[in-house]
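Report on the structure
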Amino acid sequence: MQADPLAGLFSAGFGWLMEHVSFLREPLDWSTGDQQTLDGMARTWSSVSSYPSETSDLLGDAVKTDTATREGDDSAGTAGPSNEPSPG
């Protein structure tokens, strides 16, 4: 399949205009946003999203440590998750 030379020329011309003519570039920049700011926001939310997972792991480890030495009939409920439905 042959490439359309006019489409390539039009694309290159349009790209050049967008880069060098400010009144054409400004609306595009406004609609797409500032890439550095967007990258910073993405890093922030990535950091925020890791916090609940870390907290969950720490809490799970603390529960396992605290309940590891329990003995007796009442300790069976803290041994871990069960596939059986709870009574009542």
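Residues numbered from 1 in each chain as written. Predicted model: local features only at pLDDT ≥ 70, side-chain atom pairs only at ≥ 80, totals over all residues. Heavy atoms only, no water.

Observations regarding the overall build of the protein chain
When its secondary structure is counted, the protein chain shows three helices and zero strands. Its helices and strands taken in sequence order, the protein chain reads α-α-α from the N to the C terminus. Taken over 88 residues, the protein chain has a buried fraction of 5%. Within the structure as shown, the protein chain displays about 8200 Å² of accessible surface, and the carbon and sulfur contribution to it stands at 60%. (Helix = DSSP H or I, 4+ residues; strand = E, 2+ residues; numbered from the N terminus. Buried < 20%, exposed > 50% of the residue type's maximum accessible area, 1.4 Å probe, protein only. Areas by Shrake-Rupley, 256 points an atom, 1.4 Å probe, with all protein chains shown as cover.)

Quick word on the packing of aromatic side chains
Two descriptors summarise a pair of aromatic rings, namely the distance from one centre to the other and the angle between the planes of the rings. A full pass over the atoms with the stated rule returns one aromatic pair. Their ring planes at 20 degrees and their centres at 6.3 Å tell us that phenylalanine 10 and phenylalanine 14 sit as a pair that is stacked. One end of the pair, phenylalanine 10, and the other, phenylalanine 14, are both in helix 1 (residues 5-20), four residues apart, so they sit about a helical turn from each other. (Phe/Tyr/Trp six-rings, centres within 6.5 Å; stacked < 30°, edge-to-face > 60°.)

So, a nonpolar patch on the surface
On the surface, a nonpolar cluster with roughly 420 Å² of combined accessible area is contributed by Trp16, Leu17, Phe23 and Leu24. Elements that contribute at least two residues to the nonpolar patch include exactly helix 1 and helix 2 (22-32). With relative accessibility at 61%, the residue phenylalanine 23 sits in the exposed group. (Patch = residues over 30% accessible without salt bridge, like charges linked within 9 Å, V, L, I, M, F, W, Y side chains within 5 Å. Salt bridge = Lys/Arg side-chain N within 4 Å of Asp/Glu carboxyl O.)

Some details on the packing of helix 1 against helix 2
Following both chains from N to C, one finds helix 1 and helix 2 inclined at 85 degrees, their axes separated by 6 Å at the closest point. Relative to helix 2, the element helix 1 lies roughly perpendicular. Residue-level inspection shows Leu17, Met18, Glu19 and His20 of helix 1 in contact with helix 2, the latter providing Ser22, Leu24, Arg25 and Leu28. The residue inventory of the contact of helix 1 with helix 2, partitioned by class, reads four nonpolar, two polar and two charged. (Axes fitted to C-alpha atoms, helices over the stretch in contact; angles between N-to-C directions. Parallel < 35°, antiparallel > 145°, perpendicular 65-115°, else oblique. Contact = heavy atoms within 4.5 Å. Nonpolar A, V, L, I, M, F, W, Y, C, P; charged D, E, K, R; others polar.)

What about the confidence of the model for the protein chain?
Averaged over every residue, the pLDDT of the protein chain is 80; the share at 70 or more is 81%. Per-element mean pLDDT across the protein chain ranges from 81 in helix 2 up to 89 in helix 3 (residues 35-67). (pLDDT = per-residue confidence, 0-100.)

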